[in-house]
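# Coordinates in review
So you can see what is in the structure, the chains are spelled out below.
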Amino acid sequence: MLYLSNSTSRLGRVTDGNTVMDFDQDEIRRKESISAAIAPIEWKDYKINLIDTPGSFDFASGLYEGIRAADTIVITLSGKSGIEVGTEKAFNAANKNGLTKMFFVSGLSDESSRFYDVFDNLKEKFGNTICPVIVPHFKDGKIDSYINLIKSRAYSYKDGNVTEIEMPKLDIMEDLKTAIEEAVAETSEEMFDKYFAGEKFSEEEIINGLHKGVRDGTISPVFCGDAYTNSGIEMFLDDIVFLAPTSKDKEFEIAKDEKGEEVEIEINENDPVSCIVFKSINDPFIGKLSFFKVISGKIKRDITLINTRTGKEERISKFITMAGKKQISVDEITAGDIGVIPKLQGTKTGDTLCSPKRKISLKPVDYPNAMLIMAIYPKKEGEEDKVAQAVMRVMEEDPSITFKTDNETHEMLVGGLGEQHLDVLITKLKNKFSVEAVLKVPKIAYRETIKTKVKVQGRHKKQTGGHGQFGDVYIEFAPGEKNELQFEETIAVSYTHLRAHETVLDLVCRLLLEKKKKKKKKK
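Residues numbered from 1 in each chain as written. Predicted model: local features only at pLDDT ≥ 70, side-chain atom pairs only at ≥ 80, totals over all residues. Heavy atoms only, no water.

### Examining the overall build of the protein
Counting its secondary structure elements, the protein contains eleven helices and 29 strands. Compactness check: the protein gives a C-alpha radius of gyration of 35 Å against a globular reference of 24 Å for 523 residues, more than 25% above the reference. By its C-alpha atoms, the protein is 125 × 60 × 50 Å across when sized along the principal axes. Going through the 523 residues of the protein one by one, you find that 42% of them count as buried. Contacts in the protein between residues far apart in sequence, at least 24 positions, make up 61% of those at least 6 positions apart. Summed over all atoms, the accessible surface of the protein reaches about 30,900 Å², with 48% contributed by carbon and sulfur. Distance between charge centres in the protein, computed from 77 positive and 85 negative side chains, equals 13 Å. (Helix = DSSP H or I, 4+ residues; strand = E, 2+ residues; numbered from the N terminus. Rg over C-alpha atoms; globule rule 2.2 N^0.38 Å. Buried < 20%, exposed > 50% of the residue type's maximum accessible area, 1.4 Å probe, protein only. Contact = heavy atoms within 4.5 Å. Areas by Shrake-Rupley, 256 points an atom, 1.4 Å probe, with all protein chains shown as cover. Lys, Arg positive; Asp, Glu negative; His and termini not counted. Charge placed at Lys NZ, Arg CZ, Asp CG, Glu CD.)

Structure, rendered in structure tokens:
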């Protein structure tokens, strides 16, 4: 997409480690994304901000950062493996945040790919909301062309050249058209009734239904192509412009005012400024970078904004956009667009920056909770403080990492989303902050508790003349309903002291009276 839009002069490959988005040394080494990266492109007079997010669960923080800034989410699937666990997770996250959803089935140049099996699985998993838009045509087991079902046009891709060809015959064309009609029928009660009455939709009704359904989330269009050969990518970009909502189509966001009451913030560049910081980077060489999305208003140079979390003013003297690691200077950023502010030391991910005229708090990034806890030790003794400070710096750019000191074992404990996540943390400590550390299995502070009921007896007997001394004590230990210790006392009276026709209460009263009489005689 970057190559076709002339945003880059070369077609990068993940395996070669030269893509625009995966520029971090750890990403190049691992050959996968570990954090969200941004690059803007222009296509058919529209600006599109591409946010590349990780697919691995261990780096899901980047996914949720991208979701907070995006209006549309494109879920990519392999033409061979199809639906995976992450597919459903991304779909549910998009639904939760009210985002438009699109599917792109890639890798179709591989002869072992099976697009129509993947499409059937999508249909089975997500229902009639799945709508085919671009599908492949196979000839002799290989892809011959790509068909745009909405425009009823077919294109052949050979040696980087695109040629429109005559529409080929598909045995399943009627099934695909039925899938489109079923998706359009879900967009309104009127269309639903018309479909089940057996009436055919007009071309205009299908196009209008797709527009409405994609933008309100009731239709999830399916596209296909191959990233390595650029097959189908141009058609996909055309349909993003054609179907995907712009930021203004969202109309408004819900925020909270100074009293904590919900208010609607219109996506309007003429309103007071408000923006959300959805990602931060701490780099010892380029400093701190705060990625933000403007929800309302227009940000210009030397503007003063309020951080509603701290209540302090932040003067914005410089801001840029990013294309991977490349910084691009801009003069202003308007509502719906994304930018980067350098060196905002008092601002962190999730903060709202807004005009003093209208102080609000926007919804922050919804980060996942840490799933794996490990003990972290410095490689050199006495560098515990250095490790702690470096981990805190990394936590500023990745709040899904947790850090604390166990008061019982006196170990420093760090939490992350998985083994790879914590492994990347150790690498960042070394590469960015020159601090070497190792992970170990944390110690367990073992505790004892009573599990069964136990009863023990102790007897005191002493003869010193007269009646002597005698005591019989039983102590009973038993598991309690609460974690707290409970103490109870009972006094048992020997029934051998009872006189004829005397109750236990009579006995107690008699003994008390006798004790009282003895005290009077002594006086």
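Having seen the structure, we can now continue with the description.
### Structural notes on helix α7 (residues 203–216)
The terminal C-alpha atoms of α7 lie 20 Å apart, and with 14 residues this matches the ideal 20 Å at 1.5 Å per residue to within 8%. Residues of α7 that are buried make contact with β4 (100–106), β5 (130–132), α5 (173–185), β10 (220–224) and α8 (233–243). (Expected span 1.5 Å × (residues − 1).)

### Remarks on the pairing of strand β7 (residues 142–148)
Bridge count between strand β6 (residues 134–139) and β7: six bridges; the pairing is antiparallel. Looking across to β7, one finds that Pro 136 is bridged to Tyr 146. Turn length for the β6-β7 hairpin, with the two strands adjacent in sequence and antiparallel, is two residues, and the turn residue Asp 140 shows positive phi of about 55°. The pairing of β7 with strand β8 (residues 153–158) spans three bridges and is classified as antiparallel. Each residue of the ladder has a partner; that of Tyr 146, found in β8, is Tyr 155. If you look at the hairpin formed by β7 and β8, you'll find four residues sitting between the two strands, and Ser 152 has a positive phi there, around 55°. (Pairing = 2+ DSSP bridges.)

### Structural notes on the packing of aromatic side chains
Summed over the entire model, instances satisfying the criterion amount to 13 aromatic pairs. Measuring from ring centre to ring centre gives 6.4 Å for Phe 115 and Phe 119, while their planes differ by 20°; the resulting arrangement is stacked. Residue Phe 115 and its partner Phe 119 are both found in helix α4 (residues 115–126); the two are separated by four residues, about one turn of the helix. By relative accessible area, which is 6% here, Phe 119 ends up buried. Grouped by ring-pair contacts, the aromatic residues Phe 115, Tyr 116, Phe 119 and Phe 138 constitute a single cluster. (Phe/Tyr/Trp six-rings, centres within 6.5 Å; stacked < 30°, edge-to-face > 60°.)

### Observations regarding the pattern of salt bridges
This model, assessed by the stated rule, comprises 26 salt bridges. Put simply, Asp 423 and Arg 30 hold a salt bridge, and the shortest N to O gap is 2.5 Å. Placement of Asp 423 in helix α10 (residues 419–433) and of Arg 30 in helix α1 (residues 25–30) is noted, with a sequence separation of 393 residues between them. For Lys 432, the salt bridge identified is with Glu 397, shortest N-O distance 3.5 Å. Of this pair, Lys 432 sits in helix α10 while Glu 397 sits in helix α9 (residues 384–397), placing them 35 residues apart in sequence. Lys 432 sits in the buried class, given a relative accessible area of 18%. Since its relative accessible area comes to 9%, Glu 397 is described here as buried. One salt-bridge network, held together by shared partners, links Asp 26, Arg 29, Arg 30 and Asp 423. (Salt bridge = Lys/Arg side-chain N within 4 Å of Asp/Glu carboxyl O.)

### Comments concerning the nonpolar core
Phe 103 and Phe 115 are the most contacted members of the largest nonpolar core, which totals 82 residues. Aside from chain neighbours lying at most four places away, what touches Phe 103 is Ile 75, Leu 77, Thr 87, Phe 91, Leu 122, Phe 126, Ile 130, Ser 220, Pro 221, Val 222 and Phe 223. Ranked by size, the runner-up nonpolar core spans 24 residues in total, among them Ile 267, Val 294, Ile 295 and Ile 333. (Core = buried A, V, L, I, M, F, W, Y, C linked by side-chain atoms within 4.5 Å.)

### Some words on a negative patch on the surface
Taken together, the side chains of Asp 117, Asp 120, Glu 124, Glu 174 and Asp 175 present a region of like negative charge at the surface. Counting only elements with at least two residues in the negative patch, the list comes to α4 and α5. Looking at the negative patch element by element, the count peaks at three residues for α4. Among the structural elements, Asp 175 can be located in helix α5. Among the residues examined, Asp 175 registers a relative accessible area of 54% and is labelled exposed. (Patch = residues over 30% accessible without salt bridge, like charges linked within 9 Å, V, L, I, M, F, W, Y side chains within 5 Å.)

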